[in-house]
Amino acid sequence: MGDQFPFGDCWQVTDFTARLGFPWPFGQVEGAPAMKPPLPLLGEILAQDLPRMPQEESLADCSLLRDLSSALSPAHIRRLLEEDGVREFRFETKTPRDVMDAVNVYRWTVNRPERDSVCQRLSVLAAFCAYWLNEGNAWGFLDQATYEPLYGSADKPTDIDVLRARAVLTGFEKRHRAVKDLKRLIELDPGGRGLYQEEIRRWERQEQGWQRQAELRWE
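About the cut-offs
Residues numbered from 1 in each chain as written. Predicted model: local features only at pLDDT ≥ 70, side-chain atom pairs only at ≥ 80, totals over all residues. Heavy atoms only, no water. Helix = DSSP H or I, 4+ residues; strand = E, 2+ residues; numbered from the N terminus. Buried < 20%, exposed > 50% of the residue type's maximum accessible area, 1.4 Å probe, protein only. Contact = heavy atoms within 4.5 Å. Areas by Shrake-Rupley, 256 points an atom, 1.4 Å probe, with all protein chains shown as cover. Expected span 1.5 Å × (residues − 1). Salt bridge = Lys/Arg side-chain N within 4 Å of Asp/Glu carboxyl O. Patch = residues over 30% accessible without salt bridge, like charges linked within 9 Å, V, L, I, M, F, W, Y side chains within 5 Å. Axes fitted to C-alpha atoms, helices over the stretch in contact; angles between N-to-C directions. Parallel < 35°, antiparallel > 145°, perpendicular 65-115°, else oblique. Left-handed = near helix turned anticlockwise from the far one by under 90°. Nonpolar A, V, L, I, M, F, W, Y, C, P; charged D, E, K, R; others polar.

Trainee: In this structure, what is going on with the overall build of the chain? I would like to understand it.
Mentor: From N to C terminus, the chain includes 9 helices and 0 strands. Burial status across the chain gives 40% buried among its 219 residues. Across the chain, the fraction of contacts at a sequence separation of at least 24, relative to all contacts at a separation of at least 6, is 64%. Carbon together with sulfur atoms contributes 54% to the accessible area of the chain, which is approximately 13200 Å² in total.

Trainee: Looking at this model, I keep getting lost on helix H8 (residues 175-188). Mind explaining?
Mentor: Think of an α-helix as turning once every 3.6 residues; residues three or four places apart then point the same way. Across its 14 residues, H8 extends 20 Å between first and last C-alpha, which sits within 8% of the 20 Å expected from 1.5 Å per residue. Every buried residue of H8 is listed here: Arg175, Arg177, Ala178, Val179, Asp181, Leu182, Arg184, Leu185 and Ile186. Buried residues belonging to H8 abut helix H6 (138-143), helix H7 (160-169) and helix H9 (193-218).

Trainee: Would you take a moment to explain the pattern of salt bridges for this structure?
Mentor: Note that side chains of opposite charge can pair when their charged atoms are close. All told, the structure shown has 20 salt bridges when counted by the stated rule. Notably, a salt bridge pairs Arg112 with Glu114, separated by 2.5 Å at the nearest N-O pair. Owing to a relative accessible area of 40%, Arg112 belongs among the partly exposed residues under this scheme. Glu114 sits in the partly exposed class, given a relative accessible area of 28%. Here Arg202 and Glu199 are joined by a salt bridge, their closest N and O atoms 2.9 Å apart. Pair noted here: Arg202 and Glu199 are both in helix H9, with a separation of 3 residues, about one helical turn. Overall, the relative accessible area of 14% leaves Arg202 in the buried class.

Trainee: Explain a nonpolar patch on the surface to me, please; I cannot follow it from the model alone.
Mentor: On the surface, Val13, Phe16 and Leu20 cluster together into a nonpolar patch covering about 310 Å² of accessible area. With respect to the helices and strands, Leu20 occurs in the loop between helix H1 (12-19) and helix H2 (42-48).

Trainee: Would you take a moment to explain the packing of H7 against H8 for this structure?
Mentor: Between two packed helices, the angle of one axis relative to the other and the distance separating the axes together describe the packing. Where H7 meets H8, the axes come as close as 9 Å, and the angle between the chain directions of the two elements is 150°. As summarised for this structure, H7 and H8 are arranged roughly antiparallel, according to the angle between their axes. Considering the relative orientation of H7 and H8, their crossing is left-handed. The residues of H8 that touch H7, namely those facing Ile160, Leu163, Arg164, Arg166 and Ala167, are Arg177, Ala178, Asp181, Leu182, Arg184, Leu185 and Leu188. Grouping the constituent residues of the contact of H7 with H8 by class yields 7 nonpolar, no polar and 5 charged.

Trainee: Just to check I follow, could you spell out H9 for this structure?
Mentor: The end-to-end C-alpha distance of H9, which contains 26 residues, comes to 38 Å, matching closely the 38 Å that a straight helix rising 1.5 Å per residue would cover. Turning to H9, its buried residues number three or more, namely Tyr196, Glu199, Ile200, Arg202, Trp203, Gly209 and Ala214. Looking at the packing, one finds that the buried side of H9 touches H7 and H8.

Given below as structure tokens:
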């Protein structure tokens, strides 16, 4: 509570020293960043439809699915907060960063969290918070939202909103996962087949472009 800077930011050390009780005169340090305003609570974000933190262009801006309902939409999160197993956490009274921390802590307390349905649903919530903050771990949380081992059998994912969100945020290095999710979406949502197929073709064009560039580098 009260942290101003995320993991990986060199100014995070000031959060640590403040927690230890040491004063830190920001105004007297040359080059010190301006103190950021406190984060809104998740409930305020959802009630007021507050826009995402403004930063660099995201992968979601490039996807053809960006305008569809998904687990990244406030409507989905409002429903999620009312589900059994999630409602009890009262996450609407926490900031997005506190929600992510709480989800990670809860996962550590559960045996085989990757197969636990509550952990999976909480991961969706954490993914929305990371996406709203414009932090890079939103896809990682969505990856935890379904159980799909490389070996053995598992039930195929059935949440269309989660699959859309993950397909939207998948980067080129994990393009095979995006295509897998898109093919599953065709099965679950045949009405959107044309859009999903066009998104698959977009990935195929990127793959072909990458291969051409690789061939030129080797020549």
